[in-house]
Amino acid sequence: MPAPAATYERVVYKNPSEHHYMKVCLEFQDPAVGLSAAQFKQLLLSALRDLFGEVWLLIILSLLSFYCTCFLSSYSLVDAALPLDVITYEEKTLSAILRVCSSGLVKLWSSLTLLGSYKGKICAFKVIQVSPFLLALSGNSRELVLD
C-alpha cells in the first residue's frame, strides 16, 4: 500500500509586527541651526498637525535617550491616537530613531516628507532606514567599511 501524498500549506504573514522603527535625520538649509529634544518633539507634533489637523492629532511622545550625550528623562505628552515614541535623539546630528505603530507608519512618513520649514527656516526630514525590527537599524550596509 503506497504512502499518502504529503500535503503542504502555504502560510503568509503580512506585517505581523506591531511597530515599525524609523531612523530619520533633520536637515536645515542653514547648518548652524540646532534643536533641543523638546523642540524636535514639537516639530514632529507640528508636522503631524499640519497634515492631519488638530482633531486627528492625539500623540503620545516619550523620549528614551540611549545614545544622547546627556540623559533626558522620559515623559509623555498626551495630545492622541497614534502612539509615537522617540527612542533616541542626537542633538549634534539632528538624527533620531522613532517607533510608531505599524498602522500609523504611512501617516508619520508622509507628514515628515511634506514638512518644509521650522520657525521660518527651511528644513527637510531624511528617512534613512525603516524596519519592523529595532536591531536592523543598528547597522547600515551602505556605510559598511571593510578592512
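Residues numbered from 1 in each chain as written. Predicted model: local features only at pLDDT ≥ 70, side-chain atom pairs only at ≥ 80, totals over all residues. Heavy atoms only, no water.

This paragraph deals with the confidence of the model for the protein. In the predicted model, the protein carries a mean pLDDT of 77, and 79% of its residues have values of at least 70. Strand 3 (residues 76-78) is the least confidently modelled element of the protein, averaging 34 in pLDDT, while strand 1 (residues 19-28) averages 94, the highest of any element. Note that pLDDT drops below 50 for residues 55-80; the model gives that stretch 69 contacts with residues more than four away or on any other chain. (pLDDT = per-residue confidence, 0-100. Helix = DSSP H or I, 4+ residues; strand = E, 2+ residues; numbered from the N terminus. Contact = heavy atoms within 4.5 Å.)

With six of its seven residues buried, strand 5 (residues 95-101) lies for the most part within the structure. The sheet contact formed by strand 1 and strand 5 spans seven bridges and is antiparallel. Bridging from a neighbouring strand, His 20 pairs with Val 100 of strand 5. (Buried < 20%, exposed > 50% of the residue type's maximum accessible area, 1.4 Å probe, protein only. Pairing = 2+ DSSP bridges.)

Counted under the stated rule, the structure contains two aromatic pairs. Ring geometry for Phe 40 versus Phe 125: centroids 5.9 Å apart, planes at 65°, classification edge-to-face. Residue classification places Phe 40 among the buried residues on the basis of a relative accessible area of 1%. In textbook terms, an aromatic cluster arises when at least three aromatic residues are bridged by ring pairs, as seen for Phe 40, Tyr 89 and Phe 125. (Phe/Tyr/Trp six-rings, centres within 6.5 Å; stacked < 30°, edge-to-face > 60°.)

Leu 98, Leu 112 and Phe 125 are the most contacted members of the largest nonpolar core, which totals 28 residues. Where this core is concerned, the elements lending two or more residues are strand 1, helix 1 (37-56), strand 4 (82-90), strand 5, helix 2 (105-114) and strand 7 (121-131). Ranked by residues supplied to this core, first place goes to helix 1 with six residues. Those residues in contact with Phe 125, other than ones at most four positions away along the chain, are Val 24, Cys 25, Leu 26, Phe 40, Leu 43, Leu 44, Leu 112 and Leu 115. (Core = buried A, V, L, I, M, F, W, Y, C linked by side-chain atoms within 4.5 Å.)

When helix 2 is considered as a whole, its buried residues turn out to be Leu 105, Leu 108, Ser 111 and Leu 112. The arc that holds the buried residues of helix 2, viewed along the axis, is 145°, so those residues lie on one side. Residues Val 106, Thr 113 and Leu 114 are exposed on helix 2 and point more than 90 degrees away from its buried face. (Arc of directions from axis to C-beta.)

Within the secondary structure, Ser 46 is located in helix 1. Reaching out from Ser 46, the side chain makes a polar contact with the backbone oxygen of Leu 43 at a distance of 3.0 Å. (Polar contact = N/O pair within 3.5 Å; in protein donor to acceptor, adjacent residues only side chain to side chain.)

Moving on to the pattern of salt bridges. If you walk through the whole model with that rule in mind, you get two salt bridges. Lys 126 is the partner of Glu 27 in a salt bridge, and the nearest nitrogen-oxygen pair spans 3.9 Å. Note that Arg 99 and Asp 85 form a salt bridge whose closest N and O atoms lie 2.4 Å from each other. Of this pair, Arg 99 sits in strand 5 while Asp 85 sits in strand 4, placing them 14 residues apart in sequence. (Salt bridge = Lys/Arg side-chain N within 4 Å of Asp/Glu carboxyl O.)

Turning our eyes to something else, we now look at unusual backbone geometry. Excluding glycine, most residues fall at negative phi; most peptide bonds, likewise, are trans. Of note in the backbone geometry, Leu 94 takes a positive phi value of approximately 55° without being a glycine. Tracing the backbone through its elements, the reader meets Leu 94 in the loop between strand 4 and strand 5. Take Leu 94: its relative accessible area is 7%, and that puts it in the buried class. The backbone of Lys 119 sits at a positive phi, close to 50°, despite the residue not being glycine. Topologically, Lys 119 is positioned in the loop between strand 6 (117-118) and strand 7.

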